[in-house]
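Descriptive structure summary
Here are the chains, one letter per residue:
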Amino acid sequence: MGRIVVLLFLILILAGGGILWFDYLNVIDAKHVIGPVANVLRGVPFLGQYMPAAEARSPDLIIDETFFNLDAERLAVRLEALEFRNLELDRQEQDLQLARGQIEQMAQELEERQRALDERENSFNAMLTDAEIRDRTVERNSINLTNMPPERAVGILAAMDDQDVIDVFRKTDELAEAAGNASIVPYWMSLMDPLRAADISRKMVGRPSSL
């Protein structure tokens, strides 16, 4: 019989400890259960001596105040954690906004650079196209002048600008060299006005070949 009492007593202690622990973890609300149980236990002769009654306050009030203080402490801890979390989120948001601003600025700079490169590429392609068209035109004029009588060719060259004449002379020399023939340019220059021929010869030596 004594063993049964002891086992029951241990079971009650374990059950009470479990209830207190679950209440501390906010799993259950045992405030309204602990008070009546404590009053009942005080009526037991061999347990009452270990549970003295409060002089000024009732046991229910003491228990309620104790758990109220525990709840208040847990609430304060949670509020502090939430405040810290809000501060951390604000800092992360500021960092994200700063990083976003830097990325947008870099994207804008890259876009401007790409636009400038596109413009330069378009301009260069236009220059290449113009140069190719001019080169084909100069080559055609050189071939036509070479195939006509020299006197007539010199008459046409006399009406052209110096740079156009220089381009035709250079293209004529290039085509003759590619074909393995002698260039007719020296003969054309001998038929031209001596002063202009000398001026064109000086410009051909002093200026690089055009595109």
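These numbers were taken from a predicted model, which means no experiment stands behind them.

Turning next to the side chain of Asp 162. Considering the arrangement of structural elements, one finds Asp 162 in helix α6 (residues 162-179). Looking at Asp 162, its side chain comes within polar contact range of the side chain of Lys 203, at 2.7 Å. What Asp 162 contacts, discounting residues up to four positions off in sequence, is Arg 196, Asp 199, Ile 200 and Lys 203.

Take a nonpolar patch on the surface next. Taken together, the side chains of Val 6, Leu 7, Phe 9, Leu 10 and Ile 13 make up a nonpolar region of the molecular surface, amounting to roughly 440 Å² of accessible area. Within the secondary structure, Val 6 sits in helix α1 (residues 2-24).

Let us look at helix α5 (residues 150-158). For α5, the full list of buried residues reads Ala 153, Val 154 and Leu 157. Burial along α5 is one-sided: seen end-on, the buried residues are contained in an arc of 100°. Those residues of α5 that are exposed and angled more than 90 degrees off the buried face are Glu 151 and Arg 152.

Let us look at the confidence of the model for the protein chain. Summary statistics for the protein chain give a mean pLDDT of 78 and a share of 72% for residues scoring 70 or more. Note on residues 46-63: pLDDT is under 50 here. Beyond four places in sequence and across chains, it has 20 contacts.

Glancing now at the pattern of salt bridges. Scanning the entire structure with this criterion turns up 11 salt bridges. For Arg 91, the salt bridge goes to Glu 88, with nearest N and O atoms at 2.5 Å. A residue pair is termed a helical-turn pair when its members lie 3 or 4 positions apart in one helix, as Arg 91 and Glu 88 do in helix α4 (residues 59-147) at three residues. Residue Arg 91 is classed as partly exposed on the basis of its relative accessible area, which comes to 40%. The class of Glu 88 is partly exposed, set by a relative accessible area of 23%.

Now for the environment of Trp 188. As for its position among the elements, Trp 188 is in helix α7 (residues 185-191). Note on Trp 188: relative accessible area 0%, which makes it buried. Distance in space between the C-alpha atoms of Trp 188 and Val 154 is 6.0 Å, their sequence separation being 34 residues. Contacts of Trp 188, omitting those with residues within four sequence positions, involve Leu 145, Thr 146, Pro 150, Ala 153, Val 154, Leu 157, Val 168, Phe 169 and Thr 172.

Below, the discussion takes up the nonpolar core. Core analysis: the largest hydrophobic core is formed by 16 residues, its most contacted members being Leu 145, Leu 157, Val 168, Phe 169, Trp 188, Met 192 and Ile 200. With residues near it in sequence (within four places) discarded, Val 168 still touches Val 138, Asn 141, Ser 142, Leu 145, Leu 157, Met 160 and Trp 188.

Parameters and conventions
- Residues numbered from 1 in each chain as written.
- Predicted model: local features only at pLDDT ≥ 70, side-chain atom pairs only at ≥ 80, totals over all residues.
- Heavy atoms only, no water.
- Helix = DSSP H or I, 4+ residues; strand = E, 2+ residues; numbered from the N terminus.
- Polar contact = N/O pair within 3.5 Å; in protein donor to acceptor, adjacent residues only side chain to side chain.
- Contact = heavy atoms within 4.5 Å.
- Patch = residues over 30% accessible without salt bridge, like charges linked within 9 Å, V, L, I, M, F, W, Y side chains within 5 Å.
- Areas by Shrake-Rupley, 256 points an atom, 1.4 Å probe, with all protein chains shown as cover.
- Salt bridge = Lys/Arg side-chain N within 4 Å of Asp/Glu carboxyl O.
- Buried < 20%, exposed > 50% of the residue type's maximum accessible area, 1.4 Å probe, protein only.
- Arc of directions from axis to C-beta.
- pLDDT = per-residue confidence, 0-100.
- Core = buried A, V, L, I, M, F, W, Y, C linked by side-chain atoms within 4.5 Å.

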